[in-house]
Number of protein chains: 2
Amino acid sequence: MSFSPLIRQLIDAFRVLPGVGQKTAQRMALQLLERDRSGGQRLADALSQAMEGVGYCRQCRSLSEEELCHLCSDLRRDETVLCIVQGPVDVYAVEQTGYRGRYFVLKGHLSPLDGLGPETIGIPELIGRINNGSFKEVILATNPTVEGDATAHYIAQILADKNLSITRLAHGMPLGGELEMVDGGTLSHAFSGRRPIQL
Amino acid sequence: MSFSPLIRQLIDAFRVLPGVGQKTAQRMALQLLERDRSGGQRLADALSQAMEGVGYCRQCRSLSEEELCHLCSDLRRDETVLCIVQGPVDVYAVEQTGYRGRYFVLKGHLSPLDGLGPETIGIPELIGRINNGSFKEVILATNPTVEGDATAHYIAQILADKNLSITRLAHGMPLGGELEMVDGGTLSHAFSGRRPIQL
């Protein structure tokens, strides 16, 4: 297998994409070269513009090409609720639920062993944001993993004296799931959080 | 779900890649933006350079950034065998077998209903190549599909009067395959092409 230098360089470059190995990268490169050069050029331009032009919103710290992202600059959103998530992707996920409050995006989760302390993930900025805001509720929407739970607990402790209602997303059965497929931890959360049926 | 314009443009652009739908495109865009901007920029540059710089070899018509690709300009290769394939990808596949003859790359297969006639896929250039060469054998390595077989037959008829040995790749059981999984057509080819065991 000996590709020419430019093709080899393109195949290697494709491997930065998540889930793309050697074979897939090869297929992508050759398909673009053989079938869709203009699409390839469009992708090159879009990548270049996005890598340079997209920064972070100074308020919620999500990805944005404006100084203030379109969610933060939307005055119709609820100023009394703040949803804290681990990354920009999570903002788009939470938006799908119909949530229309404010966001704060951490840079990941606490992980002291990897050198990710409160300063690294943005806790000081979070406290500043809450002090400057008029929030009544803070929703801790970090991932339901060991690290996400630890991060949520840490934030809850810090905010304990601020007269805020601090909540965490519910655990339970995912819709469309099957009891036998769900892990024991989730199932016991679903049991202890059971609710009366509304008739 | 409302991404900012540059991010939306990047997600749309990723969808030109084979096998990449909305969700995957989103994951690729956000992962690059959050984790690997320099990798994204490298990919943009590699794409741009390859889309502009890679052309076709004037002899075998495979992808190449030189006028003559590195396979055609390699003087040590066998000048007496020509392998005809349907596309540049197939050259890389055949190279893996250890084949060290010459190549000719068609632009796909004959498909009169789609307007792909002998001129479109490059039959005149193929005849010119054979007339100017000193080939003793022509290997028809088009795909073992209805269209690939038809294309191979068409070429074999055209070359019938040229005093060449014209061969087609063998059909049979793929290595590691299981009899019960192989289709009837392949299995009957494998039967009729059975060979004495070498002890």
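Residues numbered from 1 in each chain as written. Chains lettered and ligands numbered in written order. Predicted model: local features only at pLDDT ≥ 70, side-chain atom pairs only at ≥ 80, totals over all residues. Heavy atoms only, no water.

Asks: Can you walk me through the side chain of Thr 151 of chain B in this structure?
Replies: All names here are of chain B. Looking at the secondary structure, you find Thr 151 in helix α7 (residues 146–159). For Thr 151, the side chain forms a polar contact with the main-chain oxygen of Glu 147, separated by 2.7 Å. With near-sequence residues (within four places) excluded, Thr 151 lies in contact with Leu 106, His 109, Leu 110, Ile 121 and Thr 142. (Helix = DSSP H or I, 4+ residues; strand = E, 2+ residues; numbered from the N terminus. Polar contact = N/O pair within 3.5 Å; in protein donor to acceptor, adjacent residues only side chain to side chain. Contact = heavy atoms within 4.5 Å.)

Asks: It is not clear to me how the packing of helix α1 (residues 5–14) of chain B against helix α2 (residues 22–35) of chain B should be interpreted in this structure. Could you clarify?
Replies: Helix-helix packing: each pair is described by the crossing angle between the helix axes and the interaxial distance. All names here are of chain B. Running from N to C, α1 and α2 cross one another at 125 degrees; their axes reach a closest spacing of 8 Å. Judged on the interaxial angle alone, α2 and α1 are oblique. Where α1 crosses over α2, the two elements pack in a sense that is right-handed. Here α1 contributes Ile 7, Leu 10, Ile 11 and Phe 14 to the contact with α2, which in turn contributes Gln 22, Ala 25, Gln 26, Met 28, Ala 29, Leu 30, Leu 32 and Leu 33. Classifying every residue of the contact of α1 with α2 gives ten nonpolar, two polar and no charged. (Axes fitted to C-alpha atoms, helices over the stretch in contact; angles between N-to-C directions. Parallel < 35°, antiparallel > 145°, perpendicular 65-115°, else oblique. Left-handed = near helix turned anticlockwise from the far one by under 90°. Nonpolar A, V, L, I, M, F, W, Y, C, P; charged D, E, K, R; others polar.)

Asks: Explanation requested: the pairing of strand β3 (residues 81–85) of chain B in the structure shown.
Replies: Each regular strand shows side chains that alternate between the opposite faces of the sheet. Residue and element names in this part refer to chain B. In terms of residue burial, β3 counts as a mostly covered element, since five of its five residues are buried. Inspection of the sheet shows β3 paired to strand β5 (residues 137–140) by four bridges, in the parallel sense. Bridge pairing in β5 links Ile 84 to Leu 140. Relative to strand β4 (residues 102–105), β3 is paired through four bridges, and the arrangement is parallel. Paired with Ile 84 across the two strands is Phe 104, which belongs to β4. With respect to chirality, the unit in which β3 leads through helix α4 (residues 88–95) into the neighbouring parallel β4 is right-handed. (Buried < 20%, exposed > 50% of the residue type's maximum accessible area, 1.4 Å probe, protein only. Pairing = 2+ DSSP bridges. Right-handed = clockwise from strand over helix to strand, strands pointing away.)

Asks: I'm lost on the relation of the copies chain A and chain B in this one. Help?
Replies: For the pair of chain copies, the relating transformation is a rotation about an axis with a translation along it. By a simple turn and slide, chain A fits onto chain B: the slide is 0.0 Å along the axis, the RMSD is 0.1 Å, and the turn is 180 degrees. Look at the turn and shift together and you get a two-fold axis relating the two. Scanning chain A for the C-alpha nearest the rotation axis identifies Ala 44 of chain A, at a separation of 2.1 Å. (Least-squares fit on C-alpha atoms with pLDDT ≥ 70 in both.)

Asks: I keep staring at the nonpolar core and nothing clicks. Help me out?
Replies: Proteins that are soluble and globular tend to have nonpolar side chains buried together. Formed by 50 residues in total, the largest nonpolar core has its most connected members in Phe 14, Leu 17 and Leu 47 of chain A together with Phe 14, Leu 17 and Leu 47 of chain B. Within the residue set of this core, elements represented by two or more residues are α1 (5–14), α2 (22–35) and α3 (37–53) of chain A together with α1, α2 and α3 (37–53) of chain B. Residues contacting Leu 17 of chain A, with those up to four places away along its chain left out, are Phe 14, Leu 17, Met 28, Leu 32 and Leu 43 of chain B. (Core = buried A, V, L, I, M, F, W, Y, C linked by side-chain atoms within 4.5 Å.)

Asks: I would appreciate a short explanation of unusual backbone geometry in the present structure.
Replies: What is expected of a backbone is that most residues other than glycine have negative phi and most peptide bonds are trans. With a phi angle near 60 degrees, Asn 163 of chain A is a residue other than glycine that sits in the positive phi range. If you trace the backbone, Asn 163 of chain A turns up in the loop between α7 (146–158) and β6 (165–168).

Asks: Honestly, the state of the cysteines in this entry has me stumped. Any pointers?
Replies: Using the criterion set out here, one finds zero disulfides over all chains in the structure. No disulfide involves Cys 60 of chain A; its sulfur sits 3.6 Å from that of Cys 69 of chain A, the nearest cysteine. (Disulfide = S-S within 2.5 Å.)

Asks: Explain the sheet that holds β5 of chain B here, please?
Replies: Residues and elements named next belong to chain B. Spatial ordering of the open sheet is given by β4-β3-β5-β6, a layout of four strands whose pairing is parallel. Two strands bound the open sheet, and with one partner strand each, they are β4 and β6 (165–168). Going from strand to strand, the sheet's axes swing by 25 degrees on average, the running direction of each strand aside. Each of β3, β4 and β5 is contacted by helix α6 (residues 123–132), which is oriented at about 160 degrees to β4, the strand it contacts most. Strands β3, β5 and β6 of the sheet are contacted by α7, whose axis makes an angle of about 175 degrees with β6.

Asks: Teacher, can you tell me more about helix α4 (residues 88–95) of chain A here?
Replies: Count 3.6 residues to each turn of an α-helix, and residues three or four apart come out pointing the same way. When we look at burial in α4 of chain A, the residues that qualify are Pro 88, Val 91, Tyr 92, Val 94 and Glu 95 of chain A. Each buried residue of α4 of chain A lies within a common arc of 165 degrees when the element is viewed along its axis, so the set occupies one face. Considering only its buried residues, α4 of chain A is in contact with β2 (63–64), β3 (81–85) and β4 (102–105) of chain A together with α1 and α2 of chain B. (Arc of directions from axis to C-beta.)

Asks: Quick question: what am I supposed to make of the interface of chain A and chain B here?
Replies: Quoted interface sizes are often the accessible area lost when the parts come together. Contact residues are listed per partner, giving 49 residues for chain A and 49 residues for chain B. Both sides together, the interface formed by chain A and chain B hides about 5000 Å², and carbon and sulfur atoms give 68% of it. For the interface between chain A and chain B, the tally reads zero salt bridges. Counting every contact that joins chain A to chain B gives twelve residue pairs in polar contact (both at pLDDT 80 or more). Mapped onto the side of chain A that touches chain B, the elements with two or more residues apiece are α1, α2, α3 and α4 of chain A. No other element matches the 15 residues that α3 of chain A contributes to the side of chain A that touches chain B. Partitioning the side of chain A that touches chain B into residue classes produces 29 nonpolar, 13 polar and seven charged. (Buried area = accessible area lost by both parts, 1.4 Å probe. Salt bridge = Lys/Arg side-chain N within 4 Å of Asp/Glu carboxyl O.)

Asks: Just to check I follow, could you spell out the confidence of the model for chain A for this structure?
Replies: Detailed conclusions should not be drawn from predicted coordinates in areas where pLDDT is low. The predicted model of chain A averages 91 in pLDDT, with 99% of residues at 70 or higher. Across the predicted assembly, pTM comes out at 0.77 and ipTM at 0.77. (pLDDT = per-residue confidence, 0-100.)

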